[in-house]
Amino acid sequence: MDDQAAIKVQGPPAELERVPLVAHQRGLGWLSDRIAGVIEGETPGWWKICFAISVTMMTVCFAMILYLMSTGVGVWGLGHPVMWGWAIVNFVWWIGIGHAGTLISAILFLLRQRWRTSINRAAEAMTIFAVMCAGIFPLIHIGRIWLGWWLFPIPNSNNIWPQFRSPLMWDVFAVSTYFTVSVLFWYMGLIPDLAVMRDRAKTKIRKFGYGLFALGWRSSNRHWSNYEKAYLILAGLSTPLVLSVHSIVSLDFSVSQLPGWHTTIFPPYFVAGAVYSGFGMVLTLLVPLRRMLHLEEIIRVRHVELMCKVTLATGSIVGYAYAMEFFIAWYSGNPYERFQFFQTRAADPFIIAPLMHIRPAPYWWAFWTMVICNVVVPQFFWFKKVRTCMIGVFVLSILVNVGMWFERFVIVDISLHREFIPSNWNYYSPTWVDICQYLGTFGLFFTFFLLFIRYIPLIAIAEVKGVTPQADPHHPLGGAKVGEKH
Amino acid sequence: MPTSFAIMAEFETPAAILHAAEKVREQGYRQWDVFTPFPIHGMDGAMGIKNSKVGWFSFIGGCTGYTTGMLMIWFMNAYDYRIVIGGKPMFSPFSAFPPSYELTILF
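A. Region of the structure containing the overall build of chain A. Along its length, chain A carries 17 helices and zero strands. Its C-alpha atoms give chain A a radius of gyration of 25 Å, within 12% of the compact-globule value 23 Å for 486 residues. Out of the 486 residues in chain A, the part that is buried amounts to 44%. Looking at chain A alone, contacts between residues at least 24 apart form 77% of all its contacts between residues at least 6 apart.

This is how it looks when you write it as C-alpha cells:
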C-alpha cells in the first residue's frame, strides 16, 4: 500500500507520465529470463531456413570475389569514364548503414536517451557487420588484391610510402579505426551480459565460452565504476568518430573536381544520409525480430516510433541537401554544374525534359527513385498512425534503404557518366557479377546477424535493467521511502 | 567459537543496498565490495570510490595517437621518401589531419 501511495504522490499526473520503457512493470529476473531465453531456447524453424539462405548467399559473395580475383575487374561493368561502379556505391551504402548503430549507442548515450538501451546492442551488431560488408568492396575494387597491403603504411618494394594527401588514404584509416572502435564498444557493453550468460549456462562448453569472453566479470561495483567511465569515454570518442568517418568517405568525392562531386555540402549531407539509411536498416531488422522473438514488451511500439522520428528528421535533412545542391548549381552560374544537375539528373522524359526543351537524362529513373524514397517516403512518418503500424514501418524502412542505395548510385555514377567532353560520355550498366556480388554481401551480413541473435544476448540486459524504475534507488519501486531526501 | 573472515548480505532493492553501503563506508571498512546486476546511480559515492583512472589513460592514448599520425606522415611523405604533388609543400598539417585524428581515437 505504501508503495502505491508513493507513486501517486511523487509522480506527475497520469496523462503526463511517459510510456514505460519496459511494459507491465516486469521484474529484473523476468528481463534476464526473457532475453537469455532467446539464446537458451530451442532453435526456431525460421532461423534455420533464414540461416540456410544466408549462408548460400554468402557463398555467392565469396565465389564472386574469387571469380573477380582470378579474372580481373573486367568482369564488372566498369568502363571509361565510369570507373567507380556498384562496388563503390555498395561500399558507401553499407558503411552508411553502419552509422545508425554508433549513433544509437554513442550519441544517444551522451544525450541520455534512455530508450536506446533496448535497441543499442542489435544496432551495434548491425554496424559491425555492415562495416565488414563495406570493407570488402574497396579492397576488391583495387583490382590487384594481392597488392592491397600498399594501402597500409608499409614501405613497398621500391621503398615508397603511401601518399597521405589522398582522401582514399584517409578512408583506410577512417574505416579501419571505425571498425576497431565499434567492435571494442560493442564488446565492452557485452561483457556484463556475457557474464550473465556464463552464470546461467547449463553445458560446460557454454560456460567456458561465455566465461572466457566475460573476462572474469563479477558485477562488483568496483568493476562497474571503471566500466561506466570507460563506456562514457568510448561513447565520447565514437561520437566524433562516426561523424568523421562518413565525412571522410564524402571527401573521396568532394576533393575531386567533378561536377556533382565537388561540393562543400557533402560531409554533413553524407552523415545525415548515413544516419537516415542506418535507422531504416535498424527498423527493417528489429520490427520483424521483436515479433518473432516475442520481445514486444522490451522493444516497444514507443521505441519504433522514436526511431521513425529520427528517420523523419534525418530524411528531411537529406531532402534539404538535395534542394540546396540544385540551388547552388543554379546560383553558381557554372554551366558544368547546371548541366550535371538539371540535364543529367532531373530531366525526366515526361515533364521536365519537354518543358526545358532538352534531351531526357539517361538515368532520370534513378534520380527520381531516389527523390521519392528519400524525400517523399519519410514524410509519412509525420503521422502517428503510420509510425505505430508495424507493417507500414517495415515497408517504408525498406524503401528508405532502396532510396539511399540510389542516392549513392546517383552521386557516384550519374556524376561520372557525363564528363566534361561529350566524346567521353558513356552509359554504365552492371554485369551479373556486380549484382551477385552485391546480393552476396547481404548473405554475409545476415549470416553474421543470425549467428549474433542466436548466441549473444541481442538486448543489453544490464542496461535495460538500469532504466527500469526498480533499479532507481530514488524511485519507490527501487525501495526509496516517501519523503526521503538524498 | 570460529572467527569470521568475511560477511555477506543480500538486499532486495537498490535503495537498501545503497544505504547499507553508506553505513559500511562510515564504519571505515576497506576491503569490501558491492555486487549488483546493473550499475546503481550514486553507488561510487556511497562506497567512497574515487573517480576511475580510465579517463587519464584515454587522454594519454589520444595524445600519443595524434602525435604518431603527424610524425608518421611527415616522416613518410616529407622526409624519408619525398613525394611532390602539384608543387605543394612537402608536409601540410591539413591533409595530415584526418588520418592523425583517426589515430587519436584509435589509440
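There is more to say, and it comes next.
B. Structural detail: the packing of helix 4 (residues 86–110) of chain A against helix 8 (residues 221–254) of chain A. All names here are of chain A. At a minimum axis separation of 9 Å, helix 4 and helix 8 run at an interaxial angle of 155 degrees. The pairing of helix 4 with helix 8 is recorded here as roughly antiparallel in orientation. In terms of crossing hand, the pair formed by helix 4 and helix 8 is left-handed. Here helix 4 contributes Val92, Ile95, Gly96, His99, Thr102, Leu103, Ala106, Ile107, Phe109 and Leu110 to the contact with helix 8, which in turn contributes Ala235, Gly236, Ser238, Thr239, Val242, His246 and Val249. Classifying every residue of the contact of helix 4 with helix 8 by side-chain character gives 10 nonpolar, seven polar and no charged.

C. Structural context of the interface of chain A and chain B. At the interface, 40 residues of chain A touch 41 residues of chain B. Of all the secondary structure elements, the ones that give two or more residues to the side of chain A that touches chain B are helix 6 (167–200), helix 8 and helix 17 (461–466) of chain A. Of all the elements, helix 8 of chain A adds the most residues to the side of chain A that touches chain B, at 13 residues. For the side of chain A that touches chain B, the per-class residue count stands at 20 nonpolar, 13 polar and seven charged.

D. Looking closely at the nonpolar core. All names here are of chain A. Counting residues in hydrophobic clusters, the biggest one holds 139 residues, and the most contacted among them are Ile95, Ala100, Met126, Ala130 and Val282. With 16 residues, helix 4 is the single largest residue contributor to this core. In contact with Met126, other than residues within four places in its own chain, are Gly101, Met281, Val282, Leu285 and Phe449.

E. Molecular detail of the confidence of the model for chain B. All names here are of chain B. Across chain B, pLDDT averages 75, with 97% of residues at or above 70. Looking at the elements of chain B, mean pLDDT is at its lowest for helix 4 (residues 93–106), recorded as 72, and at its highest for helix 3 (residues 54–80), recorded as 81. Model confidence for the complex is summarised by a pTM of 0.85, with the ipTM given as 0.75.

Basis of the calculations
Residue indices begin from 1 for each chain and proceed along its sequence in written order. For this description, chains carry letters from A and ligands carry numbers from 1, given in the order in which they are written. Local features in this predicted model are restricted to residues of pLDDT 70 or higher, and side-chain atom pairs are both shown and tallied only at a pLDDT of 80 or more, whereas totals for entire chains, interfaces and linings draw on every residue. Helical segments are the DSSP runs of H or I of at least four residues, strand segments are the runs of E of at least two, and each set is numbered from the N terminus. Atoms considered for the radius of gyration are the C-alpha atoms alone. The globule rule reads 2.2 Å times the number of residues to the power 0.38. Three classes are used. A residue is buried when 20 or more other C-beta atoms lie within 10 Å of its own, exposed when 12 or fewer do, and partly exposed in between, with C-beta atoms placed from the backbone. A residue pair is marked as a contact if its C-beta atoms, positioned from the backbone, fall within 7 Å. Axis angles are defined between N-to-C directions and span 0 to 180 degrees, where every axis is a line fitted to C-alpha atoms and, for a helix, only to the segment in contact. Orientation labels follow simple angle bins: below 35 degrees gives roughly parallel, above 145 gives roughly antiparallel, 65 to 115 gives roughly perpendicular, and whatever is left gives oblique. Handedness of each helix crossing follows the sense of rotation of the near helix against the far helix: counterclockwise by less than a right angle gives left-handed, clockwise gives right-handed. Residues are sorted three ways: Asp, Glu, Lys and Arg are charged, Ala, Val, Leu, Ile, Met, Phe, Trp, Tyr, Cys and Pro are nonpolar, and all the rest, Gly among them, are polar. By convention in this section, buried Ala, Val, Leu, Ile, Met, Phe, Trp, Tyr and Cys residues joined through C-beta atoms within 7 Å make up a nonpolar core. pLDDT measures the predictor's confidence residue by residue and takes values from 0 up to 100.

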